[in-house]
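Notes for the structure review
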Amino acid sequence: MAAAPTAAATVAGASTAVLAPRPAPTSAFLRRTQTTSHRLPALKCRRAGPLTPAEAAAAAGGGSPSSAVFHGEVFVVGDNIDTDQIIPAEHLTLVPSKPDEYRKLGSFAFAGLPSAAYPTPFVAPGEESTRYAVIVGGANFGCGSSREHAPVALGAAGSRAVVAESYARIFFRNSVATGEVYPLELNDAGAWKECKTGDVVTVDLGNSVFINHTSGKEYKLKPIGDAGPVIEAGGIFAYARKTGMIASKAAA
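Residues numbered from 1 in each chain as written. Predicted model: local features only at pLDDT ≥ 70, side-chain atom pairs only at ≥ 80, totals over all residues. Heavy atoms only, no water.

1. Considerations on the overall build of the protein
- Helices and strands together make up the secondary structure of the protein, namely eight helices and seven strands.
- Expressed as a percentage of its 252 residues, the buried residues of the protein come to 50%.
- Look at the contacts in the protein between residues 6 or more apart in sequence, and 73% of them connect residues 24 or more apart.
- Carbon and sulfur atoms make up 54% of the accessible area of the protein, which totals about 11000 Å². (Helix = DSSP H or I, 4+ residues; strand = E, 2+ residues; numbered from the N terminus. Buried < 20%, exposed > 50% of the residue type's maximum accessible area, 1.4 Å probe, protein only. Contact = heavy atoms within 4.5 Å. Areas by Shrake-Rupley, 256 points an atom, 1.4 Å probe, with all protein chains shown as cover.)

Written out as structure tokens, the structure is:
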């Protein structure tokens, strides 16, 4: 992971970016030629409920990419969650550039998890989006095949961040390249064992901290570093156009 930018802003103020499932993407977003349709400056989780004063203070943050604050319910998984559990192979025929199929891809996120170990589904039956703003996992998250559909499915379902002990390299890279979710890494092991699905949590990128308001515990994150602006822009191609590395469609 790249080192944290030296210009990262300290989170301050009283505004809070609160997470929720995304609306249907536009075709421009899905072609990754624009950045504005991918980002939501103020996201609100439908079922997280209002923040208490203490939570609001803990989750307070500015609006810049380096100080984004995500708040909502968490979905907890264990070690070695592979890409076939995140999105089973039979759903890889869905094309993310088609809005209807993008939403459908989100509805199958984590469909490969064994129901005996995970009785609570990530996406409720009949729904296209999840109630869980953040995913917490153990070591080697996203192992297995190199399918780009894995982070896309999580983003299409409405999650904005994964917090894990470590990642399979290709999943981390695909998360950054697509701009779908922030793959955040914990400094210490065992956090997923101390969290329960449905806990209310905050991910504070500016302070590199993960807070479980339900348990009252706080965990340090490794800074997202140079990957942060790429994800915030909407993925690698959107970032390259935004920074002038490649010509924009309008200029071409």
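Past the structure itself, the notes keep going.
2. What about the packing of helix H5 (residues 149-157) against helix H6 (residues 169-178)?
- Two numbers describe how H5 lies on H6: the axes approach to 8 Å, and their chain directions differ by 55°. One finds that H5 runs oblique with respect to H6. By crossing handedness, the relation of H5 to H6 is classed as right-handed. Residues Ala150, Pro151, Val152 and Leu154 of H5 pack against Phe171, Asn174, Ser175 and Thr178 of H6.
- Broken down by class, the residue content of the contact of H5 with H6 amounts to five nonpolar, three polar and no charged. (Axes fitted to C-alpha atoms, helices over the stretch in contact; angles between N-to-C directions. Parallel < 35°, antiparallel > 145°, perpendicular 65-115°, else oblique. Left-handed = near helix turned anticlockwise from the far one by under 90°. Nonpolar A, V, L, I, M, F, W, Y, C, P; charged D, E, K, R; others polar.)

3. Re the pairing of strand E5 (residues 200-204)
- Counted residue by residue, E5 has five buried out of five residues, so it is predominantly covered.
- Here E5 shows two buried faces, one formed by Val200, Thr202 and Asp204 and the other by Val201 and Val203.
- Pairing between strand E1 (residues 69-76) and E5: five bridges, direction antiparallel. Of the residues in E5, the one forming a bridge with Glu73 is Val200. (Pairing = 2+ DSSP bridges.)

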